[in-house]
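Survey of secondary and tertiary structure
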Amino acid sequence: MGSGHTHPAPSAPPRVRRILVVTVVPLFVATVLAAALLWARGGSPQTDGGADVPRHPGTVTRVVSEPCPSVPSVPEGTPRVGDGRCGTVDVRVDDGPTAGQQVRTPVPDGPGAPRVEVGDEVILVELADPTDPTTSNWNIAEHQRGTPMVWLAVVFAAAIVAFGRWRGLAALAGLAASFAILLTFVLPGISAGRSPLLVAVVGAALIMFVVLYLTHGVTAQTSVAVLGTLGSLVLTGVLATIATAATHLTGFGSEDATTLSMFQGDVDLHGLLLAGIIIGSLGVLDDVTVTQAATVTELANANPGLTRLQLYRAATRVGRAHIASTVNTIVLAYAGASLPLLLLLTADSRPIGQILTSEFLAQEIVRSAVATLGLIAAVPLTTGLAAVVSAAGRTNATAATDAPAPRPQPDRSEALAALSSPRTTGSDEPDRTRTAPPSQATDRWPKSNRSTDTAW
């Protein structure tokens, strides 16, 4: 009887579900086949990183600071190599053949050297003396970070599950699946010499299928988000290829890329740049597409009378507000990851035009611009698909519920009896001067407060 909106959202009709299945399933099969063809069999090639230096956990038991010996004067403006910390550190070895042994190391000094205090858990490296292989020198490499990171991971997972419940647990499973695909398919495939752009597109599509359906369920709404994300990923890849070719980017825009080229000379750094743009865009794209698909669905459920065009316009207004904040998020994310580079460029004495067009900064600008263009394209694409599916899903359901109910045909004898019965007075009390019984009068004629006249 009631026509409220508390009932669950109607599922898409069989015809719409068949269309989505026929569209999504072949794309998923093609993605799996492409991943199987591009899979790096035998693992990624190992690079010669030198001899394996023994590493042992230890605990600092004593720190002795000493004045550093005087050094010859250096020219003004020469950068300082270290902080000038000198002395010795006693460390108890906690694991390995020398467990329990006290070793003495110099105080760590130099760029990025750890600052140690009594009680700190550190990592020791044992270096053999080249002149006397029977002796070895101990040095502190870094702090142990295993325990704090484990606790941080536990708090992270507990917060997500406590807030999202089963949906949060599914999100954690999706996160684990994303890292598994990156570590077992994307990175080994690029290291094995496969096309980084192709590997990134296939890997991103595989992550998208697994994560979206695992997190949001196998529904028509999720399928719309999948199609919108996949279309935006392909468009982002095309735009990235055109933009990097037009700006003549080589991929040697960072120190990490240059170091990688020395260890693995067969890696296509230009393709690696494109792959980074694709993978970096995926996380923001699925957020926008899922939000737009959910917005259209909620609008359609809240007001079943909205047409496809009205749904599209209303959801696009939400998408504009989302994009306005997300664009800033993308730029700030890239800027935050490149703060050392930006600080280095601000100290550059070259004109601003040369700085902006340099390989280092142009790479970040192209990355941000292409990701933003793909993000903007995701809104109308996903919103249009969701509007079509939502409107189609309501066509058959609303045709039955919104059609006017057939008007009941009154009984002729009851109508004549109502007309011949005396009317009541203007008040709620029946007219006592009439000869008809009050019950008959009140039952056969409407009261004054039920007047059919238009209320002013």
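This text follows the structure it describes.
The text that follows walks through the structure, step by step, so that each part is easy to find. A quick note: this is a predicted structure, and the numbers were derived from the prediction, not measured. (Residues numbered from 1 in each chain as written. Predicted model: local features only at pLDDT ≥ 70, side-chain atom pairs only at ≥ 80, totals over all residues. Heavy atoms only, no water.)

1. Notes on the pattern of salt bridges
- Per the counting criterion, the structure on display carries six salt bridges.
- R62 is the salt-bridge partner of D90, the closest N and O atoms lying 3.1 Å from each other. Of this pair, D90 sits in strand β2 (residues 86–93) while R62 sits in strand β1 (residues 55–66), and the two are 28 residues apart along the sequence.
- A relative accessible area of 39% places R62 in the partly exposed class.
- Between E142 and R145 there is a salt bridge, with the nearest N and O atoms lying 3.0 Å from each other.
- Owing to a relative accessible area of 28%, E142 belongs among the partly exposed residues under this scheme.
- On the basis of relative accessible area, R145 is assigned to the partly exposed category, the value being 46%. (Salt bridge = Lys/Arg side-chain N within 4 Å of Asp/Glu carboxyl O. Helix = DSSP H or I, 4+ residues; strand = E, 2+ residues; numbered from the N terminus. Buried < 20%, exposed > 50% of the residue type's maximum accessible area, 1.4 Å probe, protein only.)

2. Comments concerning the state of the cysteines
- One pass over the structure, following the stated rule, counts one disulfide.
- Here C68 is linked by a disulfide to C86, with a sulfur-sulfur distance of 2.0 Å. Taking the sign of the torsion about the S-S bond as the criterion, the disulfide between C68 and C86, at about 110 degrees, is right-handed. Remark: C86 occurs in strand β2 and C68 occurs in the loop between β1 and β2; sequence separation between them is 18 residues.
- Judged by its relative accessible area of 32%, C68 is partly exposed.
- Given a relative accessible area of 23%, C86 falls into the partly exposed group. (Disulfide = S-S within 2.5 Å.)

3. Describing the pairing of strand β4 (residues 121–128)
- Bridge count for β1 against β4 is five bridges, and the pairing is antiparallel. Note on β4: the bridge partner recorded for P57 is I123.
- Pairing between β4 and strand β5 (residues 136–143): seven bridges, direction antiparallel. Its bridge partner lying in β5, V125 is registered against N139. (Pairing = 2+ DSSP bridges.)

4. A few points about the nonpolar core
- F185 and M208 are the most contacted members of the largest nonpolar core, which has 53 residues in total.
- Only α1 (14–38), α2 (146–191), α3 (196–216), α4 (220–246), α6 (269–302), α7 (308–337) and α10 (359–401) provide two or more residues apiece to this core.
- Leave out the neighbours within four places in its chain, and M208 touches Y213, V226, T229, L230 and L282.
- Counting residues in each nonpolar core, the second largest holds 11 residues, with V103, V116, L124 and W138 among its members. (Core = buried A, V, L, I, M, F, W, Y, C linked by side-chain atoms within 4.5 Å. Contact = heavy atoms within 4.5 Å.)

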